[in-house]
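# Remarks on the overall topology
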Amino acid sequence: MALKLYNTLTRKKELFKPIKEKTVSLYTCGPTVYNFAHLGNFRAYIFGDILKRYLEYKGYKVKHVMNLTDVDDKTISNSQKEGIPLNEFTSRYEKYFFDDIKTLNIKPAGFYPRATEHIKEMVGITKKLLRKGIAYKTADGIYFAISKFKGYGKLAGLEKAQLKTGARVSKDEYDKENVQDFALWKFWDEKDGDVAWETEIGRGRPGWHIECSAMSTKYLGQPFDMHTGGIDLVFPHHENEIAQSEGAEGKKFVNYWMHCAHLIVEGRKMSKSLRNFYTLRDVIEKGHSARAVRYLLLSTHYRQQLNFTFEELEAATKTVEGIIDFIDRLKEADGKNHDTSQIIKKATTEFENAMDDDLNISEGLASVFWLIKECNKLLAESKIGKQEAKKIMAAMRRFDKVMGVMEGKEEKIGSEIEELIREREEARKRKDWKEADRIRDLLKQKNIILEDTGKGARWRKTLR
Ligand code: AMP
Ligand code: ZN
């Protein structure tokens, strides 16, 4: 089947056709580096990761760019509160962001351009817009005139009546009900402290939206294939990116726009401003594993809202443990070789059909779990030998190229634990059940679960 993706611009599932046959140019709006990213943000980045991994699974080379917003209202005011230079402040949160995406096994983008290193390009676009009469200058900055750009509102589906022409807003984030002219360039004022660039269009700093127009097209060209982000970015951020880039160049900006629905908490979007958020570090400190967080965030279809609860995280933990346990069983398989090629073929075809249908991950995962269930039955009957196990393992590794949950660190047990397992075996041989149970409980506290089999005890490490 061919890949179909839902395009926010056309509100339809469309057959995906990249500009260059085998390469996909992909831009993701990256973090504003003024604080730790929260799990809501990571839902958006994991959605981008699944999209990228599946494109690679299908044989595309993905040229992925993700920007770092290291200058805006929030970064400036927070660095001032701490009394440190802007770049010192933002580089701290950049580092935390990179640590977190590594922990979540999110594949890094090919390039992470910083806004502060692309002022020249932003000035270039602003100059073009001024020249064409689509932008105008006021006492406090340079604004984009939405009335001068015919297609304004096409991404968000706005009616002309909603556009308040002539009204202006200079803040980077503003009331979504009021559709107004927005700042491309803000002339320096006292609030900016020492943050300012001397440029041909005046001394000041860029607005937020122009950053992404400049950095995406610089590295991916115009038009490029795909642009992703959370649904809240559709308006005004992405609408404004389109207006700026298409207004300046007179040609299409992006072919496919993809947005993920929100991670919510008790019915409301997880966000910093509502103070209902958890960072990755918060949940890991509570003893949860990054693999379970990743699984939870990826396992609901990206266009469906996902409600965050610790019960769901617990369930995700169990699911990932089930996958790891299955892999461990495969490694130990030494039964007869029952042919599993039909099972592998069916699961793979169904997985691919589901993912081709706008990344229908829940159905995709259902086929992976069907394969696990069928093979676990065969393993229990000793009907899988080394050769067959290898084939199944290869299929699981292929699925995991997309899921990315099996790839965590190899769980090794320490010598102290090995010693306890041995002592317990001996207690069992002596029929000292009390001692055997005591050791079993002790091991459980150390996250080791024992299962007694005909060939002695099997152990597995839980994720927490
Ligand atoms: P920000 O740093 O606020 O620009 O957000 C970075 C990314 O996270 C953007 O793509 C947002 O749309 C996305 N995002 C923010 N909050 C949530 C949420 N609760 N659920 C899903 N995505 C979110
Ligand atoms: Zn952006």
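## Overview of the side chain of T90
Here T90 lies in helix α3 (residues 86–103). Here N87 takes part through its backbone oxygen, which lies 3.4 Å from a polar atom of the side chain of T90. The contact partners of T90, leaving out residues within four places of it in the chain, are V33, D70 and T75.

## Here's the deal with the environment of L365
Residue position: L365 is located in helix α11 (residues 361–380). Sequence separation of L365 and F399 is 34 residues, and the distance between their C-alpha atoms is 8.9 Å.

## Quick word on the pairing of strand β2 (residues 12–15)
In this sheet, β2 lies alongside strand β1 (residues 4–7) in antiparallel orientation, the contact comprising 4 bridges. The residue of β2 that forms the bridge with N7 is K12. Counting the residues that bridge the hairpin from β1 to β2 gives 4 residues, and of these R11 lies at a positive phi of roughly 55°.

## What to know about the nonpolar core
By size, the foremost hydrophobic cluster in this structure holds 81 residues, and its most contacted members are F42, M226, F326, L371 and M396. In terms of residue count, helix α1 (residues 39–57) provides more of this core than any other element does, 11 residues in total. When residues of this core are assigned to domains, at least three fall in each of domain 1 (20–260) and domain 2 (295–403). Leave out the neighbours within four places in its chain, and M226 touches L5, F16, V24, S25, L26, Y27, L51, L55, V254, Y256 and M258.

## Some details on the site of ligand 1
Around ligand 1, 15 residues are found, and the nearest of them are G40, G230, D232, L263 and M270. At 3.0 Å from a nitrogen atom of ligand 1 is found a main-chain nitrogen or oxygen belonging to G40. Side-chain polar atom of N41 to an oxygen atom of ligand 1: 3.1 Å apart, as the coordinates give it. Relative to its unbound accessible surface of 490 Å², ligand 1 loses 90% to contact with the protein. Listed by contribution, the elements that provide at least two residues to the shell around ligand 1 are α1 and β11 (224–230). No other element matches the 4 residues that α1 contributes to the shell around ligand 1. The residue makeup of the shell around ligand 1, split by class, is 6 nonpolar, 7 polar and 2 charged.

Conventions and cut-offs
Residues numbered from 1 in each chain as written. Chains lettered and ligands numbered in written order. Predicted model: local features only at pLDDT ≥ 70, side-chain atom pairs only at ≥ 80, totals over all residues. Heavy atoms only, no water. Helix = DSSP H or I, 4+ residues; strand = E, 2+ residues; numbered from the N terminus. Polar contact = N/O pair within 3.5 Å; in protein donor to acceptor, adjacent residues only side chain to side chain. Contact = heavy atoms within 4.5 Å. Pairing = 2+ DSSP bridges. Core = buried A, V, L, I, M, F, W, Y, C linked by side-chain atoms within 4.5 Å. Buried < 20%, exposed > 50% of the residue type's maximum accessible area, 1.4 Å probe, protein only. Domains from an automatic or database assignment. Near = heavy atom within 4 Å. Areas by Shrake-Rupley, 256 points an atom, 1.4 Å probe, with all protein chains shown as cover. Nonpolar A, V, L, I, M, F, W, Y, C, P; charged D, E, K, R; others polar.

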